[in-house]
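Below, each chain spelled out in residue letters.
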Amino acid sequence: MEPPYNEIVTAGPYVFTVGDICFDYESGVHPDFKVADWIWWGNEVRNETQFILHTLTKRLEVVNSSLENAVHCTVYLTEIEDLYEVDLVWKQFFGDDPPTQTVAPLRGLGLPRLEGARGHRQNALKMESMFQSIRPGLGVEKETVSTGVEPLAHEAGATRAGPLLWVSEQFAGGTDGLLTAPDTPGQLGYIFERLAAICETGGTSLDNLLRVRAFVTDVHESYAVYAALRKAVPSDPPCVAITGVPAPLQVPGCTVIVGAVAYLPE
């Protein structure tokens, strides 16, 4: 069955791959990675992560690339606490050179059609991920940029690849919990200050933002995102996508996540 989209698209040195899920057209959850409910071993999200990264490996081989050239990924989790298990597999596949990433919770992945189904027992998936990578030998190298803050997950804080700087998701919290007042505008002020510092370290500025993606636990706070962005980038704003997601986020009390891509002027 041919899907109505391309699974791999290249643009010069860049590789964009389709969002992958642990899916089989005949049986729903892929039978080789489905965790049976009658035995104690196996972990659903860990199995799905392994499937996705094996699939990504095969996709990148088609364009003479590999996992070590992955620059950024977006990960959607039906249960945010599964991030720990995803990290275990991330460390196995990416070692000490992980890509940047944006992790966000979501209600469901459209499988099965029964709303509210959870877990392999009900034929429901737990994660989806989409990657951007580079092709070696075309003049672009991947370089990790230190942000001065230890990430919560196994991810690079920022990655430079050619004229682009990918920044992992930013939120107003860390291992010590929420770092600002609980209101979303206050959190956004902190986040854009962090983004400004990361851009400066990476050789650019907020004025060169190309894309901003915000995930909010209350869609009414979308206006706060626009206000914070207008303050941070008064003119020539980037493309913006704001998505409502369920709470909780990675850090209790956080209500917004922001990820970004910036242009690096020559």
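The coordinates are above.
What counts and how
Residues numbered from 1 in each chain as written. Predicted model: local features only at pLDDT ≥ 70, side-chain atom pairs only at ≥ 80, totals over all residues. Heavy atoms only, no water. 1 Å grid on protein atoms, 1.4 Å probe; cavity = no way out; pocket = protein on both sides within 12 Å on 5 of 7 lines; lining within 4 Å. Points joined across faces, edges and corners; volume = space filled by probe spheres on them. Nonpolar A, V, L, I, M, F, W, Y, C, P; charged D, E, K, R; others polar. Phe/Tyr/Trp six-rings, centres within 6.5 Å; stacked < 30°, edge-to-face > 60°. Buried < 20%, exposed > 50% of the residue type's maximum accessible area, 1.4 Å probe, protein only. Helix = DSSP H or I, 4+ residues; strand = E, 2+ residues; numbered from the N terminus. Lys, Arg positive; Asp, Glu negative; His and termini not counted. Salt bridge = Lys/Arg side-chain N within 4 Å of Asp/Glu carboxyl O. Polar contact = N/O pair within 3.5 Å; in protein donor to acceptor, adjacent residues only side chain to side chain. Contact = heavy atoms within 4.5 Å. Pairing = 2+ DSSP bridges. Axes fitted to C-alpha atoms, helices over the stretch in contact; angles between N-to-C directions. Core = buried A, V, L, I, M, F, W, Y, C linked by side-chain atoms within 4.5 Å.

Moving on: empty space enclosed by the protein. Applying the stated rule across the entire model yields 1 cavity of 30 Å³ or more. If you add up the space inside the largest cavity, you get close to 40 Å³. Lining the largest cavity are Leu83, Val103, Leu152, Ala153, Glu155, Glu169, Phe171 and Gln250. Each residue belonging to the lining of the largest cavity can be placed in one class, and the counts come to 5 nonpolar, 1 polar and 2 charged.

Glancing now at the packing of aromatic side chains. If you walk through the whole model with that rule in mind, you get 7 aromatic pairs. Taking the centre distance of 4.9 Å and the plane angle of 80° together, the rings of Phe23 and Tyr25 count as edge-to-face. Look at Phe23 and you get partly exposed, because its relative accessible area is 26%. Ring geometry for Tyr76 against Phe215: centres 6.4 Å apart, planes inclined by 70°, an arrangement best described as edge-to-face.

It is worth spelling out the environment of Val62 at this point. Along the chain, the position of Val62 falls in helix 1 (residues 44-62). Assessed through its relative accessible area of 60%, Val62 is described here as exposed. When the C-alpha positions of Val62 and Ile8 are compared, they lie 8.9 Å apart, and in sequence the two are 54 residues distant.

Turning our attention to unusual backbone geometry. Glycine aside, residues mostly have negative phi, and peptide bonds are mostly found in the trans state. Looking along the chain, the bond that leaves Ala247 and enters Pro248 is cis, with omega of 5°. Not every positive phi belongs to a glycine, and Asn64 is a case in point at roughly 60°. Looking at the element boundaries, Asn64 is found in the loop between helix 1 and strand 5 (70-77). Here the phi dihedral of Asn123 falls at roughly 60°; this positive angle occurs in a residue that is not glycine. Here Asn123 is to be found in the loop between strand 6 (100-105) and strand 7 (127-134).

Before going further, it helps to examine the side chain of Glu155. Looking at the element boundaries, Glu155 is found in the loop between strand 8 (142-145) and strand 9 (158-161). There is no salt bridge for the buried Glu155, and the closest opposite charge comes from Arg194, which lies 9.4 Å off by N-O distance. A distance of 2.9 Å separates a polar atom in the side chain of Glu155 from a polar atom in the side chain of Gln101. Residues within four places of Glu155 in sequence aside, it is in contact with Pro98, Pro99, Gln101, Ser168 and Glu169.

The mixed open sheet is built from 5 strands, whose spatial order is 1-2-7-5-6. At either margin of the open sheet sits one strand with a lone partner, and together these are strand 1 (8-11) and strand 6. Recorded for the sheet is a direction-independent mean angle of 15° between the axes of neighbouring strands. Two strands pair when backbone bridges link them, and strand 5 and strand 7 are joined in this way by 7 bridges, in the antiparallel orientation. Following the sheet pairing, Ala70 is matched in strand 7 by Ser133. Relative to strand 7, helix 1 is tilted by about 30°, and along the sheet it contacts strand 1, strand 2 (14-17), strand 5 and strand 7. Here helix 2 (residues 83-94) sits on the sheet in contact with strand 5, strand 6 and strand 7, set at roughly 155° to strand 5.

This part covers the pairing of strand 5. The buried fraction of strand 5 amounts to 7 of the 8 residues, a majority that puts the element mostly inside the structure. Here strand 5 runs beside strand 6; their pairing, made up of 6 bridges, is parallel. Its bridge partner being in strand 6, Tyr76 is matched across the sheet by Ala104.

Our next topic: the nonpolar core. With 29 residues, the main nonpolar core has Leu53, Val75, Leu77, Trp90, Phe94, Met127 and Phe131 as its most contacted residues. Contributions of two or more residues to this core are made by helix 1, strand 5, helix 2 and strand 7. Take this core: its biggest share by element is 6 residues, from helix 1. Not counting residues up to four positions away in its chain, the partners in contact with Phe131 are Val15, Phe16, Thr17, Leu53, Leu56, Ala70, His72, Cys73, Trp90, Phe94 and Pro99.

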